[in-house]
Each structure stands twice: as C-alpha cells, then as structure tokens.
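Per-entry structural report
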Amino acid sequence: MLIGEVARRSGVSARMLRHYESLGLVRPSGRTGSGYREYSGEDIRRIFHVESLRSLGLSLREIGRVLDEPGFTPSALVDDLITRTRERIAAENELLTRLRRIDATEPADWEEVLRSVALLQALGSKSAGARQRAVLSSADEVPVEALVEAVLCEADPSVAGALRWALARSGDEGTALLAEGLDSPVAAVRERAVRSLAEMPGDEAAARLRDALTHPDAVVRRHAALALGTRGVADTVPTLIDLIVEGRNDTDAADALSGLASDPATAERIATGLVDRLAHDGTEAPARLRLTQALADIPGTTASRALVQLSCEGDRAVALTATYLLRLRDAR
C-alpha cells in the first residue's frame, strides 16, 4: 500500500509518516519499481500501535523503546504517565480558575486584565507581607472565589485575618463557598472555614454556623458555638459549657455565656448547666474552678445559691473564688 493510501486509511498524514520513518519508528517494508514507499500489513499495524501509544501521552522516543525492546515493562512508564497527566490537569485547572477569576472582575480593557493578573499573583506570593498588602490594598477588587480559596489555604495568622476581613466586607457572597470548606478532609481547612464564617455577617452565615454546631469535628463545633454565642443564640449553651470544662477558649466561652445571660430564662438555663457540671463526679479540680468563675456574671438565685455552697467547698481555690464572687455580687 502506498503512502497516500496509508495516510487516508490511518488518519496519519504523509508528512508524519515520513517523520516516523526518519526516527526509525515505522519503516516501509518495500519500494515499488518507481521507488515509492510501499507499506505491508505489518507496517500498518505498527502505525496503529504508534498512534495508540501516542494517545496515552508517550513521546515518540518512549514509543520506540516500547515497540523495539521486548523486555521493556510498562508499569514504570504508565506510572510516570499518570503523574505527568495529573500535573498537566492541575496546571490546566489552575489556568481555568485564574481565567474565571479574571472574568468575574468584568474587565473593560486589557489594562484591567493585567491589573487582575498582578493582584492574583500577589495573593499567591511566597511572601506573607506581599499577600497581606495585596488583600488590604485591593480588597474590593479581589474576586470572592479567590478570597475564599486564599483564606482556606492561608497558614499565616496576619494574612488570614486580612483575608477574613476582606471576605466580611464582601457581604454574604462567599458564605456558601466557605461552608463547603467545612467538609474538607483536612482539619486545618475546616478550622479556617469555620473561623471565616464566624466573621461573616448576615443570616446565611448564622444558619451555616448553626449547622456546624453538630459537626463531627470538635474544633468546628467550638468555633461555631463561640461565634453564635456572641450573636445571642441560646442553643450554644451546652457547647460553651463544654469548652469551659475542657479549658479550651474557656474565657471566650464564659464571656459568651455572660452575654447570653441577659435573658432571664437563658440565665437560668446557663446556671443550671454550670451547677450540673460542678456536681458531676468526673469534673476535675481545674475545671471546677473555671466553672465557678463562669458563674460570676450569671444573674439569678440558682447561680447565687451555687456560689454560697461553693464558698464552703473543700477545694480552697474554689472556695476562695466563690467567696470573692459573692462579695462582688453583694456590692452591686
């Protein structure tokens, strides 16, 4: 079969067939009397083998090794192809994400496109200072999607704080994207997501934080409870008391309980919860002291009676604290 017919049947151009021949990949088995290349059935099968291997991403040099070295095993090469393909897909996805972010800014001209590119590059800088300056100087120009991705990846506390501030200024646009971060398999990402949600305004953020109160991750539950407690959500009381017992963000938890106690019914609920934990046999001495301190700003007779009983406590630290708090209450 002559080269033109082979090209038509195989879909490989005559030019490419000549290139294969120059590399030694596919050599026509014969020549016609006029000197034209003539391909045998075996040659054509080899052409299809070459094309099949090219479709997997192999280079022509690698294809030559595969076809000409009988002992060449495919496993290592296939593993390498998988790695290279993943890297290529990641690079393409990164490019697609960058293009979408630039498109989200609705640039009017190429000057604005270049400014967006520079801003996105600054957000990805290795310098924490450069990232922070980019956020603080251009917060209103950064697409919300870029802010969310950046805050979920940011390990530097100062930069993370600037990103949360910028997100809070954007309204509730980023709330749903941040909520998706709560389902991340990475614990640090989940914590960054809930901390960011805690600073987001609006009812949607509050609803997402309410959902987070039952999250399987204790860190997520803790930050959600602290945020909602300061917003006056009484459902956070049990979790806030748990934080005081555990000694994690206990001061913030006590402050949140104090704010919630402005409602008499909630104050009674808080006092009862604190007293119940004090009475629990498994509550250790440091936790008992923290629970006693938490009663300081809880109004009502239940809290007062508990402090009177605690002032006679065998634990001297608890007794002295309760006595001091009673004097403060009497002086009010």
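Remember, predicted model here, so these are calculated numbers, not experimental data.

Criteria and thresholds
Residues numbered from 1 in each chain as written. Predicted model: local features only at pLDDT ≥ 70, side-chain atom pairs only at ≥ 80, totals over all residues. Heavy atoms only, no water. Helix = DSSP H or I, 4+ residues; strand = E, 2+ residues; numbered from the N terminus. Rg over C-alpha atoms; globule rule 2.2 N^0.38 Å. Buried < 20%, exposed > 50% of the residue type's maximum accessible area, 1.4 Å probe, protein only. Contact = heavy atoms within 4.5 Å. Areas by Shrake-Rupley, 256 points an atom, 1.4 Å probe, with all protein chains shown as cover. UniProt positions renumbered as here; feature names shortened; annotations may be inferred. Core = buried A, V, L, I, M, F, W, Y, C linked by side-chain atoms within 4.5 Å. pLDDT = per-residue confidence, 0-100. Arc of directions from axis to C-beta. Polar contact = N/O pair within 3.5 Å; in protein donor to acceptor, adjacent residues only side chain to side chain. Axes fitted to C-alpha atoms, helices over the stretch in contact; angles between N-to-C directions. Parallel < 35°, antiparallel > 145°, perpendicular 65-115°, else oblique. Left-handed = near helix turned anticlockwise from the far one by under 90°. Nonpolar A, V, L, I, M, F, W, Y, C, P; charged D, E, K, R; others polar.

Quick look at the overall build of the protein
Helix and strand counts for the protein stand at 19 helices and two strands. The C-alpha radius of gyration of the protein comes to 34 Å, more than 25% above the 20 Å expected for a compact globule of 332 residues. On the principal axes, the C-alpha backbone points of the protein span a range of 120 × 50 × 30 Å. Counting all 332 residues of the protein, 38% fall into the buried class. Counting only contacts in the protein whose residues sit at least 6 apart along the sequence, the fraction spanning at least 24 positions is 51%. Accessible area of the protein: about 18,800 Å², with a carbon and sulfur share of 51%.

A closer look at the UniProt feature "domain: HTH merR-type" (unreviewed entry) in the protein
When the UniProt feature table is mapped onto this chain numbering, "domain: HTH merR-type" (unreviewed entry) sits at residues 1-69. Each end of residues 1-69 is marked by a C-alpha atom, and these two atoms are 27 Å apart; helix forms 61% of the span and strand 6%.

Observations concerning unusual backbone geometry
With phi around 55 degrees, Asn249 is a residue other than glycine that occupies positive phi space. If you trace the backbone, Asn249 turns up in the loop between α14 (237-246) and α15 (250-260).

Considering the nonpolar core
In this structure, Leu240, Leu257, Leu274 and Ile298 are the most contacted members of the largest nonpolar core, which totals 70 residues. The residues contacting Ile298, other than those within four sequence positions of it, are Leu257, Ser258, Ala261, Ala267, Ile270, Ala271, Leu274, Ala303 and Arg329. Val12, Tyr20, Val50 and Leu77 belong to the second-largest nonpolar core, a separate cluster that totals 17 residues.

Focus on the confidence of the model for the protein
Per-residue confidence for the protein averages 90 on the pLDDT scale, and 100% of its residues sit at or above 70. For the protein, helix α6 (residues 110-123) is the element with the lowest average pLDDT, namely 80, and helix α11 (residues 187-198) is the one with the highest, namely 96.

Quick word on helix α2 (residues 14-23)
Within α2, the full set of buried residues consists of Leu17, Tyr20 and Glu21. Taken down its axis, α2 places every buried residue within 100 degrees of arc, on the same side. Exposed residues on α2 whose side chains face more than 90 degrees from its buried face are Arg15 and Ser22. Turning to α2, the residues buried within the fold contact α1 (3-10), β1 (30-31), β2 (37-38), α3 (41-55) and α4 (60-68). Looking at the residues trailing α2, positive phi occurs at Gly24, about 80 degrees.

Regarding the side chain of Ser10
With respect to the helices and strands, the residue Ser10 is situated in helix α1. For Ser10, a relative accessible area of 18% puts it in the buried group. From its side chain, Ser10 meets the backbone oxygen of Val6 in a polar contact 2.7 Å long. One polar contact links the side chain of Ser10 to the main-chain amide nitrogen of Val12, over a distance of 3.2 Å. Ser10 has contacts with Ile47 and Phe48, leaving out every residue within four places of it along the chain.

A few points about the packing of helix α12 (residues 203-212) against helix α13 (residues 218-230)
Following both chains from N to C, one finds α12 and α13 inclined at 135 degrees, their axes separated by 8 Å at the closest point. As summarised for this structure, α12 and α13 are arranged oblique, according to the angle between their axes. Our pair here, α12 against α13, has a crossing hand that is left-handed. Between α12, through Ala206, Leu209, Arg210 and Ala212, and α13, the contact on the second element is made entirely by Val220, Arg221, Ala224, Ala227 and Leu228. For the contact of α12 with α13, the residue count by class is seven nonpolar, no polar and two charged.

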